[in-house]
Amino acid sequence: MKITKDLYQSSLALLTDFYQLTMAYAYWKSGKAEEEAVFNLFFRKNPFQGGFTIAAGLDYVIDYCRNFHFDEQDLSYLGQMKGKSGEAMFEVAFIDYLREMRFSCDIDAVEEGSVIFPNSPLIRVKGPLIQCQLLETPLLNITNFQTLIATKAARITLAAKGEDVLEFGLRRAQGIDGALAASRAAYIGGCSATSNVMAGKLFGIPVSGTHAHSWIMSFDSEIEAFKAYAEALPDNCVFLVDTYDTIKGVEHAIEVGKALREKGKEMLGVRIDSGDLAYYSNRARQMLDEAGFENAKIVASNDLDEHIMFSLKVQESSINVWGVGTKLVTAYDQPALGAVYKLSAIKKEGKWIPKVKVSQQSIKINIPGFHNVRRFYKNGVANADMIFLENGTNDKKEFLLIDPIDPTKRKKVGKDWDSEVLLKNIFVKGEKVYQRPDIHTIRENTKANLAKFDKAHKRLVNPHIYAVGLEETLYNLRTSLVLEAKAK
Ligand SMILES: Nc1ncnc2c1ncn2[C@@H]1O[C@H](COP(=O)(O)OP(=O)(O)OP(=O)(O)O)[C@@H](O)[C@H]1O
Ligand SMILES: O=P(O)(O)OC[C@H]1O[C@H](OP(=O)(O)OP(=O)(O)O)[C@H](O)[C@@H]1O
Ligand SMILES: O=C(O)c1cccnc1
Ligand SMILES: [Mg+2]
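Residues numbered from 1 in each chain as written. Chains lettered and ligands numbered in written order. Predicted model: local features only at pLDDT ≥ 70, side-chain atom pairs only at ≥ 80, totals over all residues. Heavy atoms only, no water.

- In the annotation of an unreviewed UniProt entry, the chain is listed under the name Nicotinate phosphoribosyltransferase and assigned to Litoribacter ruber.
- Turning to the chain, the UniProt annotation filed under Pathway (unreviewed entry) states: "Cofactor biosynthesis; NAD(+) biosynthesis; nicotinate D-ribonucleotide from nicotinate: step 1/1." (UniProt positions renumbered as here; feature names shortened; annotations may be inferred.)

Here is the structure:
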């Protein structure tokens, strides 16, 4: 995909918070830069008050890491930075160190399109402390947004119950980057196509589109406009019927549809963009069916989201293609996922030392150590996720999972149950070992992965909480580290 290279033609190493560089410098000065560390990227709450989250953004993360280096322009920019006293902020020897720095971390991550839950690691980075630190901001930037949008798209596609959702968000998206990443993530989440032509070109996403009111308004009458459009694009006729009067608009579409049919072409459908979408879609369906256009689709748009779509389904509307823009690509009801990136262990004299950040709020206490996630299935249905220490006691017959926030919530899973480990090897010592699936496969995986979960976790409001617990050994380690830290 090479989005970074195609868009910026340069290094993205400075796409970070300044404090990552001040820490990087201080790590280097104090001789800690090359100490080995492990960081985990995770979020604390499913977005949109939902019951699941869809991972996205790994492809960008891979490109970012592979391209990770400071080029001469970056270095001269850093070299000229001055502190308050007017002296150079960073020593020349540090700038030289950055020049030679090459990405050499191990990265394990859940694949794009995976169903994921709060507190589980999404990405685990192990490597020189300085590199792990510098990756914090860009990895969060990429993952927070794409995961959020893929999740919103998955909710919207669930509400569409198998019908096509077209992503129409470009005009309302958060800038150029936001639009491109949103179109990509929306496709991963389940949308069928985008109106964003550049996203189509860059990512290979199907592109689709109808026409706007301006097309109709540029003619003296609606019928003339439909006829001219049919003349120009006989294979792409979805007529927007609501510019003046939706019912008359459908009549005009039928008239032009009949003329098209005489030429051996078929009208694809109509689009309704205002008014009561349930009422008008049902009227349009009836009129189209009576005129022999049973296969013509009814596309609806106008500030749709999963809740309005759910309601339109309950109202038995006849909409069968959903155009969704603003509320999808801006993640309208929750503008950030809130994922974080925390140090969980550091190696001292060849030994991993687990680390916790203590907080008054137990939700903010991170999970220490070198951990991974295992998903257990019962009769093919996902049952619980276990966060466990990779080098811990994993040879038990059954595992006790303890909720990281409320330790009274516990659950047992059998070792012999079907299960899979969610973090996959992506990079080993800076070398990519992961074969990226193409974007269509990722989209299919999202659908297949969601199908493994009970519908109680997928309902739009008040979902049943899916169990994610710390394996007992890890829970005990975390508790003892917290008590130890509090005693300090
Ligand atoms: N039957 C329906 N049930 C629930 N929501 C609906 C229904 N029909 C339309 N909506 C939604 O109600 C909102 C209507 O918004 P608004 O009043 O701004 O549009 P409008 O007046 O119909 O059209 P416009 O202002 O674009 O001409 C939209 O979000 C739309 O998706
Ligand atoms: O409503 P969204 O989910 O964002 O979908 C995209 C919208 O963009 C277009 O019109 P635009 O909103 O530009 O103009 P309009 O609202 O006046 O129709 C289109 O007709 C949709 O209404
Ligand atoms: O193709 C469409 O119908 C379209 C594209 C962008 C925004 N609204 C509608
Ligand atoms: Mg609009």
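## Digging into the pairing of strand β10 (residues 297–300)
Part 1 of the argument: As paired strands, strand β9 (residues 269–272) and β10 are joined by four bridges and run parallel to one another. Following the sheet pairing, glycine 269 is matched in β10 by lysine 297.
Part 2 of the argument: Chirality of the crossover, the property in question, places the unit of β9, helix α12 (residues 277–290) and β10 among those that are right-handed.
Part 3 of the argument: In this structure, β10 lies alongside strand β11 (residues 321–324), joined through two bridges in parallel fashion. Bridged to alanine 300 within β11 is tryptophan 322.
Part 4 of the argument: Tracing the backbone out of β10, into helix α13 (residues 306–314) and back to the parallel element β11 gives a crossover that is right-handed. (Pairing = 2+ DSSP bridges. Helix = DSSP H or I, 4+ residues; strand = E, 2+ residues; numbered from the N terminus. Right-handed = clockwise from strand over helix to strand, strands pointing away.)

## Quick look at the site of ligand 1
Part 1 of the argument: Taken together, the neighbourhood of ligand 1 is formed by 13 residues, with Gly275, Asp276, Leu277, Asn302 and Gln315 sitting nearest.
Part 2 of the argument: Between ligand 1 and glutamine 315, the relevant distance is 2.9 Å, taken from a nitrogen atom to a side-chain nitrogen or oxygen of the residue.
Part 3 of the argument: Taking 640 Å² as the accessible area of ligand 1 by itself, protein coverage stands at 55%.
Part 4 of the argument: When contributions to the shell around ligand 1 are tallied by element, the ones reaching two or more residues are α12 and α13.
Part 5 of the argument: Among the elements that make up the shell around ligand 1, the one with the highest residue count is α13 (three residues).
Part 6 of the argument: Taken together, the residues of the shell around ligand 1 sort by class into five nonpolar, five polar and three charged. (Near = heavy atom within 4 Å. Polar contact = N/O pair within 3.5 Å; in protein donor to acceptor, adjacent residues only side chain to side chain. Areas by Shrake-Rupley, 256 points an atom, 1.4 Å probe, with all protein chains shown as cover. Nonpolar A, V, L, I, M, F, W, Y, C, P; charged D, E, K, R; others polar.)

## A closer look at the site of ligand 3
Part 1 of the argument: As a structural note, the neighbourhood of ligand 3 is formed by Phe168, Arg171, Ser195, Gly209, Thr210 and Arg271.
Part 2 of the argument: In the model, an oxygen atom of ligand 3 is placed 2.4 Å from a nitrogen or oxygen of the threonine 210 side chain.
Part 3 of the argument: Take arginine 271: an N or O atom from its side chain is 3.3 Å from an oxygen atom of ligand 3.
Part 4 of the argument: Surface burial for ligand 3 is 81%, taken as the share of its 260 Å² of free accessible area covered by protein chains.
Part 5 of the argument: Considering only residue class, the shell around ligand 3 consists of one nonpolar, three polar and two charged.

## A short note on the pattern of salt bridges
Side chains carrying opposite charge are able to pair once their charged atoms draw close together.
Part 1 of the argument: Using the criterion set out here, one finds 28 salt bridges in the structure.
Part 2 of the argument: For glutamate 72, the salt bridge is made with arginine 99, and the minimal N-O distance between the two is 2.8 Å. With glutamate 72 in helix α4 (residues 72–79) and arginine 99 in helix α5 (residues 92–100), the pair connects residues that are 27 residues apart, well separated along the chain.
Part 3 of the argument: You can call glutamate 72 partly exposed: its relative accessible area is 48%.
Part 4 of the argument: A salt bridge links lysine 152 to aspartate 333, with the nearest nitrogen and oxygen atoms 2.8 Å apart. Taken as a pair, lysine 152 in helix α6 (residues 129–159) and aspartate 333 in the loop between α14 (326–329) and β12 (340–348) lie far apart in primary sequence, 181 residues in all.
Part 5 of the argument: Here the salt bridges share partners, and the residues they tie into one network are Asp59, Asp63, Glu112, Arg184 and Arg436. (Salt bridge = Lys/Arg side-chain N within 4 Å of Asp/Glu carboxyl O. Buried < 20%, exposed > 50% of the residue type's maximum accessible area, 1.4 Å probe, protein only.)

## Considerations on the UniProt feature "domain: Nicotinate phosphoribosyltransferase N-terminal" (unreviewed entry) in the chain
Part 1 of the argument: Mapped onto this numbering, the UniProt entry gives "domain: Nicotinate phosphoribosyltransferase N-terminal" (unreviewed entry) at residues 14–144.
Part 2 of the argument: Note that residues 14–144 is 41% helix and 16% strand, and that its end C-alpha atoms are spaced 19 Å apart.

## Considerations on the nonpolar core
Part 1 of the argument: In this structure, Phe70 and Leu135 are the most contacted members of the largest nonpolar core, which totals 138 residues.
Part 2 of the argument: Residues contacting phenylalanine 70, with those up to four places away along its chain left out, are Ser11, Ala13, Leu14, Leu21, Leu75, Leu78, Leu98, Met101 and Leu134.
Part 3 of the argument: If you look at the next biggest cluster of nonpolar residues, it comprises seven residues, including Phe376, Phe388, Phe399 and Val413. (Core = buried A, V, L, I, M, F, W, Y, C linked by side-chain atoms within 4.5 Å. Contact = heavy atoms within 4.5 Å.)

## Focus: the pairing of β11
Part 1 of the argument: Across the two faces of β11 the burial is the same, with Val321 and Gly323 and Trp322 and Val324 all buried.
Part 2 of the argument: In terms of strand pairing, strand β6 (residues 164–167) meets β11 through four bridges, oriented parallel. Residue pairing in the sheet places aspartate 164 in a bridge with valine 321 of β11.

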